[in-house]
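Listed here are the chains, written in short residue letters.
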Amino acid sequence: MRISVFGLGYVGCVSAACLASRGNDVIGVDVNPTKVDLIMGGNAPVVEERIGDLTKEVVTSGKLRATTDVRHAVDNSDVSLVCVGTPSAPNGSLSTAYLERVAEEIGEAIAARDTRHTIVFRSTMLPGTCLNLLVPILEKASGKTAGVDFGVAVNPEFLREGTSVRDFFDPPKTVIGELDEASGDVVAALYEDLPGDVFRVPIPVAEITKYADNSFHALKIGFANELGAICGALGLDSHRVMDVFLADRKLNISPAYLRPGFAFGGSCLPKDLRGLVHAAHRADVTVPILSHVLPSNEEHLKRAFELVVRTGRRRVGLFGLSFKPGTDDLRESPMVELAERLLGKGYDLRIYDANVSMSRLLGANREYIEQRLPHLGQLLAGSVAEVLDHAEVCLVASADPDVLAAIPPGADRTLIDLIRLPDAEIRRNDRGYVGLAW
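Residues numbered from 1 in each chain as written. Predicted model: local features only at pLDDT ≥ 70, side-chain atom pairs only at ≥ 80, totals over all residues. Heavy atoms only, no water.

## Re the packing of helix α13 (residues 293-311) against helix α14 (residues 334-344)
Here is the rule we go by: Whenever a helix is involved, its axis is fitted only over the stretch in contact; in every case the axis is a line through C-alpha atoms, and angles between N-to-C directions fall within 0 to 180 degrees. Secondary structure elements follow DSSP: runs of H or I of four or more residues count as helices, runs of E of two or more count as strands, with numbering from the N terminus. Roughly parallel covers angles under 35 degrees, roughly antiparallel covers those over 145, roughly perpendicular covers 65 to 115, and oblique covers all other angles. Handedness of a crossing is defined here by the sense of rotation of the near helix relative to the far one, left-handed for an anticlockwise turn of less than a right angle and right-handed for a clockwise turn. In what follows, a contact means two residues having at least one pair of non-hydrogen atoms within 4.5 Å.
Here α13 crosses α14 at 45°, and the two axes come no closer than 10 Å. In terms of orientation, α13 lies oblique with respect to α14. Helix-helix and strand crossings are classified by hand; for α13 and α14 the assignment is right-handed. From α13, Glu-298, Leu-301, Lys-302, Ala-304, Phe-305 and Val-308 reach across to α14, where they touch Pro-334, Glu-337, Leu-338, Arg-341 and Leu-342.

This is how it looks when you write it as structure tokens:
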């Protein structure tokens, strides 16, 4: 392909050199003439493993050159990769000034073209930036229609400084946010035969992907450092502790617990978090991440309660009460907490959980529920139908087949889904359906 790459920082110069090495004709574009001169001299504008040799190789072969002339670059390419910076303001807001300027310049350059040009944004930007800000700029400057006269896509990068070249050729995944299928096809062709899964998704999904990744990376580092500080204060070798932690590929380093759903609960997670944070405080170790996990969980539970409040209805049915489906364990169940709040605010509540029966509750489990919901026996229904006959609002925290069968898609009531039901995609089209976090 003939490709122009806008912005010759880390992402841009690595993308340009790597794409050129794959046989494409690439023109790098930057407002800084020093970067352009470096590229034209066969030198990379950044210091990075392999990038120096690779840049020299592709410049010598004629596959990569650079310019400050936007019109020339666009006229001599069919795809433009936008890799300009999106710096953060002091208040954390995203600056889109460079993106806006490049979009306007590219739009003006394609105005007179009679062949389709595809603009691919690699810059990190928040959801809505491309469709609500950049596409209108492109359309206004070009007088053309996106998805018809020119293509648009978002293609976030997953390049780590220091190993960017290696990451380009061995990516963890390729994400293509496509305005239309033709735009996505162009981007997919750029990375043909590279390893990793390819995800072709709506543009806003692609935009938030990089934020999801980097936020989780930051969270992991912060978690490891806080745990390390606690271990150090207690005289333990944190690296030996983490060796054991990392060996668990079933729960710790895995997809487990990484699907949005309802709040966590049970007899272990809340108790052990409180215990660890308390131990840290006693050792004079500040752990802001760990200290805020339970408050974060509380906010998520509060979201569910507020969804009920917004309906303006008072008769509520709750499906599922135990903290984990298939058990009768009610200790610190978020559903018990939610039921308690609903009752406290005067809601008329009925509950169905096939595994919960007052006559079978024993020991600490029974003691807990007698303290939190002393009138549970009066709230429990013997069947799904009994709850449905009562409820104007249904809170579903269980994928019990009997519950799913009794509340078919299209049911004429408010359905608040707390766990993302198996048929959530179908139900999302229903007027009364509300997903907690999707």
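## Remarks on the nonpolar core
Let me state the cut-off plainly: Among buried residues, the Ala, Val, Leu, Ile, Met, Phe, Trp, Tyr and Cys ones that are joined through side-chain atoms within 4.5 Å form a nonpolar core. Each residue is assigned to one of three classes by its accessible area relative to the maximum for its type, calculated with a 1.4 Å probe on protein chains only: buried under 20%, partly exposed between the two thresholds, exposed over 50%.
In terms of nonpolar packing, the biggest core is built from 34 residues, with Val-26, Ile-51, Leu-64 and Leu-81 touching the most fellow members. Within the residue set of this core, elements represented by two or more residues are β1 (2-6), α1 (10-21), α2 (33-40), α3 (51-60), β3 (64-67), β4 (79-82), α7 (164-169) and α8 (181-190). With seven residues, α1 is the largest single contributor of residues to this core. In contact with Ile-51, not counting residues within four places along its chain, are Cys-13, Val-14, Ala-17, Ala-44, Val-46 and Val-165. One finds Val-308, Met-335, Ala-339 and Tyr-347 within the second-largest nonpolar core, a separate group that totals 33 residues.

## Some points on the pairing of strand β10 (residues 348-352)
To keep it simple, the criterion reads: Strands are labelled as partners when DSSP assigns at least two bridges between them.
Relative to β10, strand β9 (residues 315-319) runs parallel, the two being bridged by five bridges. Residue pairing across strands places Gly-317 opposite Arg-350, the latter belonging to β10.

## Thoughts on the sheet that holds strand β5 (residues 117-121)
Pairing within the open sheet is mixed, and its eight strands lie in the order β3-β2-β1-β4-β5-β6-β7-β8. Looking along the sheet, the strands with just one partner apiece sit at the ends: β3 and β8 (197-201). Across the sheet, the axes of successive neighbouring strands diverge by a mean angle of 25°, strand direction being ignored.

## What about the UniProt feature "binding site: NAD(+)" (unreviewed entry) in the protein?
Using the following cut-off: UniProt positions are given in the numbering used here, feature names are shortened, and annotations may be inferred rather than shown by experiment.
Here, the residues flagged by UniProt with the feature "binding site: NAD(+)" (unreviewed entry) are Asp-30, Lys-35, Thr-86, Thr-124, Glu-161, Lys-271 and Arg-331. With the annotated positions falling across 302 residues, the maximum pairwise C-alpha distance of 62.0 Å shows that they are not confined to a single cluster. You can see Thr-86 is positioned in the loop between β4 and α5 (97-110). Contact partners of Thr-86, with chain neighbours within four places excluded, come to Leu-94, Ser-95, Leu-99, Ser-123 and Thr-124. With respect to the element layout, Thr-124 can be found in the loop between β5 and α6 (129-142). For Thr-124, a relative accessible area of 24% translates into the label partly exposed. If we ignore the near neighbours within four places in the chain, the residues touching Thr-124 are Thr-86, Leu-94, Glu-157, Lys-210 and Tyr-211.

## What to know about the packing of aromatic side chains
The line we're drawing: Pairs were defined over the aromatic rings of Phe, Tyr and Trp, the Trp ring being its six-membered one, requiring ring centres within 6.5 Å. Orientation was assigned from the angle between planes: stacked under 30 degrees, edge-to-face over 60, tilted for the rest. The criterion for a charge sitting over a ring is simple: Lys NZ or Arg CZ within 6 Å of the ring centre, and within 35 degrees of the ring normal.
Scanning all chains against the criterion turns up four aromatic pairs. Summarising the aromatic geometry, the rings of Phe-168 and Phe-169 are spaced 5.3 Å apart at their centres and angled 80° between planes, so their arrangement reads as edge-to-face. Residue classification places Phe-168 among the buried residues on the basis of a relative accessible area of 3%. On the accessibility criterion, Phe-169 (24% relative accessible area) is partly exposed. Over the aromatic face of Tyr-347 sits the side chain of Arg-314, whose NZ or CZ is 3.9 Å from the ring centroid.

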